[in-house]
Each structure stands twice: as C-alpha cells, then as structure tokens.
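Structural overview for review
In case you want the letters, here they are:
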Amino acid sequence: MTDLDVTVAIRDRLAQAAAGTLAALALWALAEVWGREVLPERVWLCLLSLVLVQSGATLALAGPVGLMRGAVMSLWLSLPATLLTWSVASRFDPASRLLQHPQLVLALAGFVFVALPFLVVRAEGRGRVFAYASLFAATWETALRFVLAWVFVGLFWGVLLLSDALLDLVGVGVIDLILEKAVLFYALSGAVLGFALAVIHEVRGRVSPYPVLRLLRLLLPVLLTVMALFLAALPLRGLSGLFGDLSSAAILLATAAAAITLISTALDRDEAHAVASPGLRASTRALAILLPLPIALAVWALGIRVMGYGWTPARLFAALSAGLMAIYGLGYCLLALRGGDWTARLRRFNVTMAVLVLVASALWLTPLLDSLRISTASQVARYAEARAELGELPIWEMTHDWGRAGQAGLEQLRQLAMAREDAGLIRALERARAVDSRYLFETPELPLTEDLVPGLVARMQVRPDGAGLSAADLAGIPQHELQSWRDGCARPLPDGRPGCALIRGAFSPAVAAEDQAIVLFLDELGGVRATHLRRNAAGDLFLRPAGDLRQGGELAAAPDLLMRALDGAFAVVPSGQQALEVDGMLISPRD
C-alpha cells in the first residue's frame, strides 16, 4: 500500500469507529431513559428503531460508498422502518408491549434485512437494483462482514476480561473502571464494531462468502434424503399425529425455509458460480420438485387448527409464512419441472419473491393486516355463534397480550355474556384482569375462607391516616393474593407492628385515588413486596405487581422501608405515572 492508501485506510477506520461509537452512545442514552418520565414509550420505540436501522445500514454502506453518503442513503430504509414502528406501536397501551410479540419484531427485522441488499446495490451502483447476481452478492457479503465484525467484538471483550483477571493478580484494577460503566461498555463495543467493519472492507478481496456457500451446498443432499424419508414414512405412520398441531406446521415450514436457502446457495449468483457436479445439480432439482409437499402438509395442519380454534396472532403469522412458502414451493417446483434454463428463471423468481416478502412484512405492521384486531374479531365471533366454550377462548391472552384490540374484544364478550347470563364467562373476564399470571388464571380458584377478608380488614394498616379499608374493597381479589397479604401481616416488623400496609394514592391516572392503592407486605424471606390494585368506574378489579423501574421493575427492600411508610415518611411523586416514594425508592405499578 502507498502512503496515500494507508492514510485513507486510517481515516476510514477512525470515521467508522466514531460512527459506531455515536450509534452505541445513542442506544445507551435510550437505555438510560427507559422507564422514566422523559419520553412517551411510543416515541422511545421509534427512536430505538431509527437508531438501530440507521446505524446498521450506515455501517453497512460506509465501506463501499463512504460514511456521509452511506448515512444519507440509509435514510431510505430507516425512515420507513421508523414509520412502521410508529404504526404497530399504536396497537398497545403501553406501547412497550410491542416487544413481547416476536411475530411483530420478526416482521420488522425481516423488512429491514430484505430491503438492505436492494439499498446496498443501489448505493454501490453495481447495476440494476433488481439484478439477481448483484443482490445475491450484496446479501452474503454484507452478512459475512457483520458476522465477522461481531465475532471480533466478542474476542475484544474476551481479551479485555482476561486482561482484567491478569491485572487483578497484581492488584491493578484499571480495567474494572471500564467494565463497571455501562456508557463505556456501549461506546467501546460500537467503536470496535465500526473499526472491524472498516478493516474487513479493506481486505474484501480476501474475505469471501464462497467457502460458506460451498459448505452449505454439501447439506443439500442430506436434507433431500431426510425429506424423502419423511414423505415415504408418512403414509405408514398416518396423519393423525401431524395435523392440528401448530408446532408440526412450524417444523414443516422451517424445513421448507431451509430447503429454499440451500437451493438458492446451490444456484449461486449465476451459472458460472453454481454447482457443477451432476449429482448436486440433480439433488437441487429434486429438492425443488419435492418442496411443495411439506408446505402443503403445513398448510393443512394449520388450517385444521384454525378451523377448530379460530385465529390468533401466532396462527395468522404462521398463515402468512405458509402462504409465502406456498408461492415459493409452487414456483420452484414448476420451474424445475419445466426444465430448460430453469436455474436462470428461478433466480429471477427469487427477486420477485424478495419483493413480495418485503411488501408482506410491511403490511403486517400496518392497520391493513392487524393480527390483533383480526384475531380478536375471530374469537368474539366464535363465542357469538356458539362455536366456542369458555375453556376454548384465549381470555388471558386477550386481556394481557392482544393490546387495544383485545380490550375492545373483552368488552364485546362481556356484553354477550351478560345478554346470555353466562356467569362463568363473566367471572373468567374479571379473574383475567385480576391476575397477571397465566398459571394462576388457569388454576381453579378455591372458595374464600370465612375469616380471611375480615382478618385482613382488621390487621391491614392503612395510610394516609384517616383512610379506610372495608370488605368491599377486597371483593374479587384472588384468594392466593389475599393469603399473601395475610401472611405478610402475620410477620412482625422489627418494631413489632404487622408487616403489611395499604397506601392509597393517585398512582394511576385511570381512576381516582380512593379507588386504588399499593399494598406493601413482608414475604417469606423477610423482604418487602408490593402490589398495585385499582377498580374502574364499572367496578372491574386490576392487580399488578409494583416495583422500582430503576431496578428492573422489581422491589427488593428491607423491612425498614415498610416501617418508614407506616411512619408516614412517603410521598406520591411522578415517575411516568405516579409512584410511591419511600426512603429514596420509587414504587410504581408494573404494566
């Protein structure tokens, strides 16, 4: 390399290291404000999406086209991804529950990963954006660069941890300062990632995905053999254990996805790089011809499940995946059967399917294909048409997982149950709101013992002074919760007072202060636990664990905290929603 080349290389390395550092610091800042009254959760999610996609795409493009141009070009991907995040986050309250739905997160990730090669080809000017050879190369080269860069980041931290252990032997703890500060961890990781990507781009002529593709091709005859054995054994085994099981459909679809990947790697970017041996070419064609069969079985298994139990978000996502796989399978099979220049036509077909997957991923994140709304409508219709009994309705999921659409569906179910005088469904709806555990919801509730509620009313210490507690306030609370509070009251504090307190306050803006409270009580280990309870205007009960969001939402406190609360040393302060502040700890309901 000439001196000029060395100078340019050092400049690019430092620039990409700086870009990685800035991206990592942005992620650190978002992590720091999470759970605080700084940003609305919907805005926070959009900023997280913007930072992740913009920084990832910028680093992917920085080597080939330069950092500044890569940052500008990346906006073509990060802005649509952010808008889709804004759209899908509107389905939930709070918006952060979006992160509990892997189908939605996978759809957003799929949109980004499928769109990125198109952006790389466009930015690098490799030719037509829809040219398969360029897209194939961009996909595998970009993936390999990031995999190697992340491996280097892992090695960097491995060496740093080893260095820390070595220096600890002589009492030098300099590296401890780096390991103890989250901001330094983020910044160093980002800098190392950007630096590694720059170095890998410099040696791109020696770093090729070709060995990986060659190894993947060797798996193609193995998968073909396994699939042939499965199809041959299926008539002998029977279909009763296969159909109607969502996990069986998932295995079949995953097998089909693996087959599509191996066929694509075998055909490579063009004929010059495709498999040349007759055995591998015959295996590739045979696997393409067999591909529709496992996909058809998956569609059948999924269809039986849907007809029996209706739509859920998971089944809808499986149906979308199965539909895309069916198009893949039929296309591959027909092209392979047609013969002639079938490999060239299959490569063009892959480009069409990539665009279709891109569109489907985007639609999944828009109101046009709202899986929560569709699933809710399906389950309500099943009950309205007497096609589902109480035990067949996903009541707990609608209450806790299906966002705003699920809440609207619960109200519809309540109205139907009241019209039919279905006391069992009404009780189930109330119980689903009262417990935050699927296990507790599905566990039959024992009848209350006669002295449980009166005993709690007598022993529970209520604050502020003058606030009261009656048996009606405890109506509808599950027995296991009441027993936990009673047991806490039976455990004495160091000063002899009962280990329980009910503190009223406007912790949630949804209801008035007199209709909600936080209960503090001692657990079996002597620590303080907290539960937030509230009733809405209709009398519906809601119970949630409460804790300090700054400590991950958990409450881990000594009995001193409860004693100070009983002494009146507390305040109701803002923390996203109102929180109980005792002895420097913020106790607020966890959603």
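Details of the structure are given in the entry above.
So, here is what we can say about the structure in this document. As the structure is a prediction and not an experimental result, all values here were calculated from the model.

**Observations concerning the overall build of the chain**
- Check the secondary structure of the chain and you find 22 helices and eight strands.
- Judged by the C-alpha coordinates and their principal axes, the chain covers about 85 × 70 × 40 Å.
- Total accessible area on the chain stands at roughly 28400 Å², and carbon and sulfur atoms take up 65% of it.
- Both charge centroids of the chain, one from 49 positive and one from 51 negative side chains, sit 11 Å from each other.

**Here's the deal with the packing of helix α11 (residues 278-290) against helix α12 (residues 292-309)**
- Orientation of α11 relative to α12, taken along the N-to-C sense of each, is 25°, at an axis distance of 5 Å. As the angle between them shows, α11 and α12 are arranged roughly parallel. Along the contact surface, α11 presents A288, I289 and L290, while α12 presents P292, L293 and P294.
- Within the contact of α11 with α12, the residues separate by chemical class into six nonpolar, no polar and no charged.

**A closer look at the pairing of strand β3 (residues 516-522)**
- Extensive coverage of β3 is indicated by the burial of seven of its seven residues.
- Burial along β3 is two-sided: Q516, I518, L520 and L522 facing one way and A517, V519 and F521 facing the other are all buried.
- Where β3 hands over to strand β4 (residues 528-535), the hairpin turn is made up of five residues, of which G526 adopts a positive phi near 85°.

**So, the pattern of salt bridges**
- All told, the structure shown has 14 salt bridges when counted by the stated rule.
- Residues D268 and R269 are paired through a salt bridge, measuring 3.6 Å at the closest nitrogen-oxygen approach.
- Through salt bridges with shared partners, a single network forms among R217, D268 and R269.

**Focus on the state of the cysteines**
- Across all of its chains, the model carries one disulfide by this definition.
- Residue C489 pairs covalently with C500 via a disulfide, S to S 2.0 Å. What sets the handedness of the C489 and C500 disulfide is the S-S torsion sign, and at about 105° it is right-handed. Of this pair, C489 sits in helix α21 (residues 479-490) while C500 is found in strand β2 (residues 500-504), placing the two residues eleven residues apart along the sequence. Pair check on accessibility: C489 and C500 agree, each one buried.

**Side note on the pairing of β4**
- β4 sits mainly inside the fold: seven of its eight residues count as buried.
- Note that β3 and β4 share seven bridges and pair antiparallel. For Q516, the partnering residue across the bridge sits in β4 and is R534.
- Direction of pairing for β4 relative to strand β5 (residues 541-547): antiparallel, over a ladder of five bridges. When the sheet's bridge partners are listed, L533 is paired in β5 with L543.
- Hairpin remark: β4 followed by β5, antiparallel, with five residues in the connecting loop; positive phi at G539, about 90°.

**So, the side chain of S55**
- Tracing the sequence through the fold places S55 in helix α2 (residues 41-65).
- The contacts of S55, once residues within four sequence positions are left out, are A23 and L50.

**Things to note about the packing of helix α20 (residues 452-459) against α21**
- The N-to-C vectors of α20 and α21 enclose an angle of 40°; their axes lie 10 Å apart at closest approach. Overall, the two elements α20 and α21 adopt an arrangement that is oblique. Both α20 and α21 take part in a crossing whose hand is left-handed. Facing L452, V453, L456 and R459 of α20, the residues of α21 in contact are Q479, L482, Q483, W485, R486, C489 and A490.
- A per-class count over the contact of α20 with α21 returns seven nonpolar, two polar and two charged.

**Notes on the packing of aromatic side chains**
- Taken as a whole and judged by the stated rule, the model has eleven aromatic pairs.
- These aromatic residues form a ring-pair network of at least three members: F156, W157, F185 and Y186.
- Here R420 stacks its cationic end above the ring of Y383, 4.5 Å away from the centre of that ring.
- Of note, R534 hangs over the ring of F542, and the distance from its end group to the ring centre comes to 4.3 Å.

**Examining the nonpolar core**
- Formed by 75 residues in total, the largest nonpolar core has its most connected members in L77, L365 and I395.
- If you tally residues by element for this core, the top one is helix α4 (residues 102-124), at twelve residues.
- Excluding residues within four positions of it along the chain, I395 makes contact with L390, L410, L425, A428, L429, A432 and F441.
- With 38 residues, the next largest nonpolar core counts L223, L252, A256 and A301 among its residues.

**Considering the environment of Q483**
- Checked against the element boundaries, Q483 lands in helix α21.
- For the pair Q483 and L456, spaced 27 residues apart in the sequence, the C-alpha separation amounts to 9.1 Å.

**A closer look at the environment of P294**
- Along the chain, P294 turns up in helix α12.
- Its relative accessible area of 2% is what places P294 among the buried residues.
- Sequence separation of P294 and G329 is 35 residues, and the distance between their C-alpha atoms is 9.2 Å.
- When residues no more than four places from it in sequence are discounted, the contact partners of P294 are M227 and L252.

**Section: the side chain of S283**
- Residue position: S283 is located in helix α11.
- Excluding residues within four positions of it along the chain, S283 makes contact with L220, P221 and L224.

Rules of the game
Residues numbered from 1 in each chain as written. Predicted model: local features only at pLDDT ≥ 70, side-chain atom pairs only at ≥ 80, totals over all residues. Heavy atoms only, no water. Helix = DSSP H or I, 4+ residues; strand = E, 2+ residues; numbered from the N terminus. Areas by Shrake-Rupley, 256 points an atom, 1.4 Å probe, with all protein chains shown as cover. Lys, Arg positive; Asp, Glu negative; His and termini not counted. Charge placed at Lys NZ, Arg CZ, Asp CG, Glu CD. Axes fitted to C-alpha atoms, helices over the stretch in contact; angles between N-to-C directions. Parallel < 35°, antiparallel > 145°, perpendicular 65-115°, else oblique. Contact = heavy atoms within 4.5 Å. Nonpolar A, V, L, I, M, F, W, Y, C, P; charged D, E, K, R; others polar. Buried < 20%, exposed > 50% of the residue type's maximum accessible area, 1.4 Å probe, protein only. Pairing = 2+ DSSP bridges. Salt bridge = Lys/Arg side-chain N within 4 Å of Asp/Glu carboxyl O. Disulfide = S-S within 2.5 Å. Left-handed = near helix turned anticlockwise from the far one by under 90°. Phe/Tyr/Trp six-rings, centres within 6.5 Å; stacked < 30°, edge-to-face > 60°. Lys NZ or Arg CZ within 6 Å of the ring centre and 35° of its normal. Core = buried A, V, L, I, M, F, W, Y, C linked by side-chain atoms within 4.5 Å.

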